[in-house]
There are 2 protein chains.
Amino acid sequence: MANNKISQTTKKLSQIFNSEKQPAIFFDKNVSTIEENNSLLDGQTDVPVLDPHDLLVEVQAVSVNPVDTKLRQTGVASKIKILGYDAFGIVKNTGKDVTRFHAGDRVYYAGTTQRPGSNEKFQAVDERLVGRAPEKLNKSEIAAMPLTSITAYEILVDQLGLRFQNHAADGKNMLVINGAGGVGSVLLQMAAYLGINLSVTAHSSESIEWLKKYSVDKIYDYENIDETLADQKFDYIVFLYDPALYWDVAIKHIKPYGQLVSIVGTNKPLNMGPLKNIAVQFKWEYMFAKSDFNHNILSQGQALDKIAILLDAGILKTTLNKTFDLINAENLRQAYKLVESGRMQGKVVLNGPFDKALK
Amino acid sequence: MANNKISQTTKKLSQIFNSEKQPAIFFDKNVSTIEENNSLLDGQTDVPVLDPHDLLVEVQAVSVNPVDTKLRQTGVASKIKILGYDAFGIVKNTGKDVTRFHAGDRVYYAGTTQRPGSNEKFQAVDERLVGRAPEKLNKSEIAAMPLTSITAYEILVDQLGLRFQNHAADGKNMLVINGAGGVGSVLLQMAAYLGINLSVTAHSSESIEWLKKYSVDKIYDYENIDETLADQKFDYIVFLYDPALYWDVAIKHIKPYGQLVSIVGTNKPLNMGPLKNIAVQFKWEYMFAKSDFNHNILSQGQALDKIAILLDAGILKTTLNKTFDLINAENLRQAYKLVESGRMQGKVVLNGPFDKALK
């Protein structure tokens, strides 16, 4: 029965789109540098079949995150050849158990690394990972947001245990290490909404300039950070850069009963001992762990719904910084180069349509 | 005014006890080994004056914890010369702001390392750190419990975020590293009450025998633990021994979104990186951090009140293993030797009266 259902859906899709094939951009993990032309390639792939909880989404804008560049270099499950973990699009079809959306709905999401990503025209995504898109933002402004917003939301709610409400954390203070990137730019806005007093480090004059538009108390150049922090102590320290490089800062500047969160991994062992007698907790935030292990995945769709409301209300602003028109391998390579430089403020987005495939 | 109040209280006490001096046992951090006779000395000290939230307690039984031996060796705030972080006793007097207790009440507590400990006949302790003693247990059975019970309670409630109710964590499983000591012996009982399926490691045949009285699913000899655990994964792993020595076991056997808690510090850096993509959290439990930093100290008195009810109901059993009659330096040295051996199952208690002082 299930197989019949799926093959019927596939047939129906091929009728809708006059083809069982669609444009997509592939990666080859054996090509090490993004500068090589074959690191990302225009091509075509099958229109996906839908599982019961899936939406079929026509992708209209995608953004690039550091996780794309890491997965391109290290590879993921061997069957996955299509990256892309941020999308805005329109629902074209729904699996038989879908309840949250209908065809025609405008949606945004970060999806999962367990299935082909958003660098294809028609993508299948579990509805529980999907949010209703903001209405007042354009495609690019929306596509910039999902992965970083979910990550920032989970730092505050899942890891730090805060309520996601205005003034919910009044009186608390936070140090954000490397705050001008994609996650930092939305985390600072969300944390300010919760009432948290913010100190943030940045790595370049462009980044420091970028950060001035946010409600930030202090911006520190990352050089001599320990000296400029003096004797300040923080309730929360969030690492958006290798925590090993800032570990001594953390030990010195975290309050008793404070919390440390990192979204960036490290190969270096961390000196945890000094945190014992001050009862400090350490947490990793990795948003794809939820879909990797089927852990409360609906929470991500629900978070995106809340975030869309705050974006429409102007309480959160898009972190979009740079846009390429046309989604194709050439533009995607340019976007990857910007992200890999580590010097990108906010987000880079490729705005549809898909180009240079199915010629 | 406040000074007058205190000096009046002091005067009153000296009248009650016909002396301003009382028996106490002192330590000298410059004496490195407990075997030396002057490592702990009988003596006398002033009857303490009371702060507004203080109880004056006549101590009738004390137990020894690993923290006593550590503080004896490393020293604490230089003015503190009296150890002892577990007591059963009777309230003799109360500070002016005390609301939770009256003179004559039977109480138990672990106190704080910021003030003289329970190795003195009359001890001042903040009422918020104190619980009403169980009614059905004897002095020694009660004195065995406070510090370890608060630690185990905080592991479950503060660190793992569980409700302290029967069946609150049904379906979860936990690996307890080194479970036959003081904290382990009560943690296993509390975790079983919450419905957690328990695996525990032990270091000797005596410890394995001791553990058989608890509701434990599997007992592992600590040798070859990784081999005998096979491919099991746990929601929670609790280190009651240096976590560095069991870190590879933890990385291999913690579930995604699992939690690691340690009560024992380590000088070795910990390889945190492998926990990132499985979103595992790491937390330190150190019960004295609350009183060190005045962080929600009433929660400790309230925890002891709940624990007393469960002890009286027979849901929790005392972890008392060995008792010395008379509280004096000689018996205390014997108790320290047992604790320092690292081979003690459950708890050792000294049962009053205070002896060999004020001769």
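Rules behind the numbers
- Residues numbered from 1 in each chain as written.
- Chains lettered and ligands numbered in written order.
- Predicted model: local features only at pLDDT ≥ 70, side-chain atom pairs only at ≥ 80, totals over all residues.
- Heavy atoms only, no water.
- UniProt positions renumbered as here; feature names shortened; annotations may be inferred.
- Helix = DSSP H or I, 4+ residues; strand = E, 2+ residues; numbered from the N terminus.
- Rg over C-alpha atoms; globule rule 2.2 N^0.38 Å.
- Buried < 20%, exposed > 50% of the residue type's maximum accessible area, 1.4 Å probe, protein only.
- Contact = heavy atoms within 4.5 Å.
- Buried area = accessible area lost by both parts, 1.4 Å probe.
- Salt bridge = Lys/Arg side-chain N within 4 Å of Asp/Glu carboxyl O.
- Polar contact = N/O pair within 3.5 Å; in protein donor to acceptor, adjacent residues only side chain to side chain.
- Nonpolar A, V, L, I, M, F, W, Y, C, P; charged D, E, K, R; others polar.
- Least-squares fit on C-alpha atoms with pLDDT ≥ 70 in both.
- pLDDT = per-residue confidence, 0-100.
- Pairing = 2+ DSSP bridges.
- Axes fitted to C-alpha atoms, helices over the stretch in contact; angles between N-to-C directions.
- Parallel < 35°, antiparallel > 145°, perpendicular 65-115°, else oblique.
- Domains from an automatic or database assignment.
- 1 Å grid on protein atoms, 1.4 Å probe; cavity = no way out; pocket = protein on both sides within 12 Å on 5 of 7 lines; lining within 4 Å.
- Points joined across faces, edges and corners; volume = space filled by probe spheres on them.
- Right-handed = clockwise from strand over helix to strand, strands pointing away.
- Phe/Tyr/Trp six-rings, centres within 6.5 Å; stacked < 30°, edge-to-face > 60°.

Identification of chain A as Zinc-type alcohol dehydrogenase-like protein from Oenococcus oeni ATCC BAA-1163 is taken from an unreviewed UniProt entry. UniProt, in the comment section headed Sequence similarities (unreviewed entry), describes chain A in these words: "Belongs to the zinc-containing alcohol dehydrogenase family. Quinone oxidoreductase subfamily."

Asker: I'm lost on the overall build of chain A in this one. Help?
Answerer: Of regular secondary structure, chain A possesses 11 helices and 15 strands. Here chain A has a C-alpha radius of gyration of 21 Å; the compact-globule value for 359 residues is 21 Å, and the two agree. Taken along its principal axes, the extent of the C-alpha atoms in chain A is 65 × 45 × 35 Å. Counting all 359 residues of chain A, 58% fall into the buried class.

Asker: Just to check I follow, could you spell out the interface of chain B and chain A for this structure?
Answerer: Note: interface size is frequently given as the accessible area lost on complex formation between the parts. On the side of chain A, 29 residues touch chain B, which itself brings 29 residues to the contact. At the boundary of chain B with chain A, total buried surface from both sides reaches about 2,600 Å², with 63% on carbon and sulfur atoms. When the buried area of chain B at its contact with chain A is split by residue, Y257, K276 and W284 of chain B rank highest and sum to 29% of it. The interface formed by chain B and chain A holds 0 salt bridges in total. For the interface between chain B and chain A, the tally reads 8 residue pairs in polar contact (both at pLDDT 80 or more). Secondary structure elements with two or more residues in the side of chain B that touches chain A: α4 (146–159), β12 (254–262), β13 (281–284) and α9 (288–292) of chain B. Tallying contributions element by element places β13 of chain B first for the side of chain B that touches chain A, with 4 residues. Residues that form the side of chain B that touches chain A fall into these classes: 16 nonpolar, 9 polar and 4 charged.

Asker: Looking at this model, I keep getting lost on the relation of the copies chain B and chain A. Mind explaining?
Answerer: Two chain copies, one operation linking them: a rotation about an axis together with a shift along it. It takes a turn of 180° to lay chain B on chain A, together with a shift of 0.0 Å along the axis; the resulting RMSD is 0.0 Å. What we have between these two chains is a two-fold relation. The residues that chain B uses at the interface reappear at the interface of chain A in 100% of cases, marking a shared surface.

Asker: Where do I start with the side chain of Q281 of chain A in this structure?
Answerer: With respect to the secondary-structure elements, Q281 of chain A resides in strand β13 (residues 281–284). The buried category is assigned to Q281 of chain A, whose relative accessible area is 12%. Polar side-chain contacts of Q281 of chain A include one of 2.8 Å to the side chain of Q159 of chain B. When sequence neighbours within four positions are dropped, the list of residues in contact with Q281 of chain A reads G258, Q259 and L260 of chain A together with D158, Q159, F282 and K283 of chain B.

Asker: Looking at this structure, I do not really get the confidence of the model for chain A. What am I missing?
Answerer: Detailed reading of the predicted coordinates is not advisable wherever pLDDT falls low. In the predicted model, chain A carries a mean pLDDT of 92, and 92% of its residues have values of at least 70. Across residues 1–7 of chain A the pLDDT falls below 50, and counting only partners more than four positions away or on other chains, this stretch makes 4 contacts in the model.

Asker: Would you mind going over the pairing of strand β5 (residues 106–109) of chain A with me for this structure?
Answerer: Here is the key point about a regular strand: its side chains alternate between the two faces of the sheet. Residues and elements named next belong to chain A. Note that strand β4 (residues 87–94) and β5 share 4 bridges and pair antiparallel. Each bridged residue has a counterpart across the sheet, and for I90 the counterpart in β5 is R106. Direction of pairing for β5 relative to strand β7 (residues 130–132): antiparallel, over a ladder of 3 bridges. The residue of β7 that forms the bridge with Y108 is G131.

Asker: Sorry, what's going on with unusual backbone geometry here?
Answerer: Residue and element names in this part refer to chain A. A cis amide bond links G352 with the next residue in sequence, P353, at an omega value of 5°. Looking at the secondary structure, you find P353 in strand β15 (residues 347–354). The phi dihedral of N294 falls on the positive side, at around 50°, and the residue is not glycine. By the element assignment, N294 lies in the loop between α9 (288–292) and α10 (298–312). On the accessibility criterion, N294 (58% relative accessible area) is exposed.

Asker: I would appreciate a short explanation of the packing of helix α4 (residues 146–159) of chain A against α10 of chain A in the present structure.
Answerer: Residue and element names in this part refer to chain A. It is the contact of α4 with α10, at a shortest axis distance of 10 Å, that shows an interaxial angle of 100°. Between α4 and α10, the angle is such that the two are roughly perpendicular. Along its contact with α4, which presents P146, S149, I150, Y153 and E154, the element α10 presents Q300, A303, L304, K306 and I307. In terms of residue class, the contact of α4 with α10 is built from 6 nonpolar, 2 polar and 2 charged.

Asker: Would you take a moment to explain the domain arrangement of chain A for this structure?
Answerer: Residue and element names in this part refer to chain A. Domain boundaries assigned for chain A yield domain 1 (2–145 + 295–354) and domain 2 (148–286). Distance between the C-alpha centres of domain 1 and domain 2: 28 Å. Both faces considered, domain 1 and domain 2 share a buried interface measuring about 1,800 Å² in area, 61% of it formed by carbon and sulfur atoms. Applying the counting rule to domain 1 against domain 2 returns 7 residue pairs in polar contact (both at pLDDT 80 or more).

Asker: Where do I start with empty space enclosed by the protein in this structure?
Answerer: To find leftover empty space, one rolls a probe the size of a water molecule over the atoms. Residue and element names in this part refer to chain A. This model, assessed by the stated rule, comprises 1 cavity of 30 Å³ or more. Looking at the largest cavity, its volume works out to about 30 Å³. If you trace the largest cavity, you find it lined by G111, T112, R115, P116, Q123, A124, V125 and D126. Partitioned by chemical class, the residues of the lining of the largest cavity number 3 nonpolar, 3 polar and 2 charged.

Asker: What is the right way to look at the pairing of strand β8 (residues 173–177) of chain B in this model?
Answerer: Residue and element names in this part refer to chain B. For β8, the tally of buried residues reaches 5 of 5 residues, placing the bulk of the element in the interior. Alignment of β8 against strand β9 (residues 197–202), held across 4 bridges, turns out to be parallel. In the strand pairing of β9, N173 is matched with N197. The β-α-β motif built from β8, the intervening helix α5 (residues 182–193) and the parallel element β9 has right-handed crossover chirality. The pairing of β8 with strand β11 (residues 234–239) spans 4 bridges and is classified as parallel. Note on β11: the bridge partner recorded for V176 is V238.

Asker: Before we go on, may I ask you to explain the packing of aromatic side chains in this structure?
Answerer: For any pair of aromatic rings, geometry is given as the distance between the ring centres together with the angle between the planes. All names here are of chain A. For the structure on display, the rule yields 18 aromatic pairs over all chains. For the ring pair Y241 and Y246, a centre distance of 6.3 Å and an interplane angle of 85° mean the geometry is edge-to-face. When its relative accessible area of 6% is taken as the criterion, Y246 is described as buried. Following the ring pairs from residue to residue traces out a cluster consisting of F239, W247, F282 and W284.

Asker: Please explain helix α2 (residues 66–74) of chain A as it appears in this structure.
Answerer: An α-helical turn contains 3.6 residues, so any two residues separated by three or four positions project in the same direction. Within α2 of chain A, the full set of buried residues consists of V67, D68, T69, L71 and R72 of chain A. The secondary structure elements touched by the buried residues of α2 of chain A are β1 (21–27), β2 (40–46), α4, α9 and α11 (329–340) of chain A.

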